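Coordinate inspection notes
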Amino acid sequence: MRTLREIPALRDTLGECRRRGQRIGLVPTMGNLHAGHLSLVETARHHADVVVATIFVNPLQFGAGEDLDAYPRTLAEDQAKLEAAGCDVLFAPATRELYPRGLERQTRVCVPEVSEGLCGGSRPGHFDGVSTVVSILFNLVQPDVACFGEKDYQQLAVIRKLVDDLHFPIRIVGVPIVRADDGLALSSRNGYLDADERATAPELQRILTELRAALQAGAPIEATLASGLTRLSEAGFIPDYLELRAADLGPVTASTREAVLLTAARLGTTRLIDNLTLTLPR
Ligand code: PAF
């Protein structure tokens, strides 16, 4: 695996691959890789001849007071994991390489509607930061396929719309959530949890699973969500949101069948997100 830090070297390397007719798969990450990221690499391998992973802790997607400085940076371990997973190229640029004019003067990409509410409601500007960096990476790598985790359900919806609206000729592949044995969705932020919080954290998925069963059995939506918020608080979470949306993140209507239950909740200072898809009864 080659690790590249600068744009010209990335363009040269991928230009050669493209001239050889190789299909390129992209896995954008912020590093501190876990099995969820490695399943993105594995999926990219199925769809492409050359897998490019990126590691960039993107300052543009962190709000004031969020964990940009604390975000774990573990490049050497990440390189070893990517190499073992069969990644071909790692692009790990410095901030000034992607944003040479500084953050304030950076051109930004905004994907309206789908970026609003849910995580976009509690993290203003977050999805503009994601959409901007992902657009830059799409332009630099020009992948045939790009893989994103379904844990970040809203992010995946934002990126699908971004690709559609800006006519990027890229196939977006969503990859199922990878969970620990106790059900907790893997996340780089799980490392912030202390032992007690880590023991409580799987309750998030257990509560979602119970709510899903109730909703699939026809329980009224509003009352089920209200009881879910109470359950989350009783378990020790500070819920940010708990919502049922149509699978495309539009509102649930009488004709909605494919839906998604989404939550974000804080445990101590750590913000966790999770979601489960479900089919509503007629
Ligand atoms: O999901 C992430 O890790 C990030 O939001 C992404 C897509 C790599 C953009 O910085």
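Above this text is the structure in question.
Residues numbered from 1 in each chain as written. Predicted model: local features only at pLDDT ≥ 70, side-chain atom pairs only at ≥ 80, totals over all residues. Heavy atoms only, no water.

**Things to note about helix α10 (residues 221–235)**
Here α10 spans 21 Å end to end across 15 residues, near enough to the 21 Å set by a 1.5 Å rise per residue. Every buried residue belonging to α10 is among Thr-224, Leu-225, Gly-228 and Leu-232, and all of these are buried. Axial view of α10: buried residues confined to an arc of 95°, hence all on one face. More than 90 degrees from the buried face of α10, the exposed residues found are Glu-222 and Glu-234. In this structure, the buried side of α10 is in contact with α9 (203–216), β7 (238–246) and β8 (258–267). Directly beyond the C-terminal end of α10, a positive phi value near 110° is found at Gly-236. (Helix = DSSP H or I, 4+ residues; strand = E, 2+ residues; numbered from the N terminus. Expected span 1.5 Å × (residues − 1). Buried < 20%, exposed > 50% of the residue type's maximum accessible area, 1.4 Å probe, protein only. Arc of directions from axis to C-beta. Contact = heavy atoms within 4.5 Å.)

**As for the side chain of Ser-39**
Summarising the element assignment, Ser-39 is placed in helix α2 (residues 35–47). Residue contacts for Ser-39: discarding those within four places in its chain leaves Val-175 and Val-178.

**Here we look at the environment of Val-130**
With respect to the helices and strands, Val-130 occurs in helix α6 (residues 126–141). Among the residues examined, Val-130 registers a relative accessible area of 1% and is labelled buried. For Val-130 and Pro-59, which are 71 residues apart along the polypeptide, the C-alpha to C-alpha distance reads 9.6 Å. In contact with Val-130, other than residues within four places in its own chain, are Asn-58, Gln-61, Gln-155 and Ile-159.

**Concerning the pattern of salt bridges**
Evaluation of the coordinates by the stated rule reveals ten salt bridges. Across the pair Glu-66 and Arg-123 runs a salt bridge whose closest N-O atoms are separated by 2.6 Å. With Glu-66 in the loop between β3 (50–55) and α3 (75–85) and Arg-123 in the loop between α5 (118–122) and α6, this residue pair connects regions lying 57 residues apart in the sequence. Of the charged contacts, one joins Asp-274 and Arg-179 as a salt bridge, the two residues approaching to 2.9 Å between their closest N and O atoms. Here the residue Asp-274 occupies a position in strand β9 (residues 270–279), and Arg-179 occupies one in the loop between β6 (171–175) and α8 (195–200), the gap between them amounting to 95 residues. (Salt bridge = Lys/Arg side-chain N within 4 Å of Asp/Glu carboxyl O.)

**Considerations on the environment of Pro-281**
Tracing the backbone shows Pro-281 in the segment after β9. In this structure Pro-281 comes out as partly exposed when scored by relative accessible area, which is 36%. Ignoring anything within four residues of it in the chain, the contact list for Pro-281 reads Leu-215, Gln-216, Gly-218 and Arg-257.

**Regarding a positive patch on the surface**
A contiguous patch of positive charge on the surface is contributed by Arg-11, Arg-18, Arg-19 and Arg-20. Taking the relative accessible area as the measure of exposure, Arg-20 reaches 56% and is therefore exposed. (Patch = residues over 30% accessible without salt bridge, like charges linked within 9 Å, V, L, I, M, F, W, Y side chains within 5 Å. Areas by Shrake-Rupley, 256 points an atom, 1.4 Å probe, with all protein chains shown as cover. Lys, Arg positive; Asp, Glu negative; His and termini not counted. Charge placed at Lys NZ, Arg CZ, Asp CG, Glu CD.)

**Some remarks on the site of the ligand**
In the vicinity of the ligand, the residues found are Pro-28, Thr-29, Met-30, Gln-61, Val-130, Val-133, Phe-148 and Gln-155. Between the ligand and the protein, one listed contact pairs an oxygen atom with a side-chain N or O atom of Gln-61 at 2.6 Å. One of the side-chain N or O atoms of Gln-155 is found 2.7 Å from an oxygen atom in the ligand. Protein coverage of the free-state accessible area of the ligand, which is 290 Å², stands at 88%. (Near = heavy atom within 4 Å. Polar contact = N/O pair within 3.5 Å; in protein donor to acceptor, adjacent residues only side chain to side chain.)

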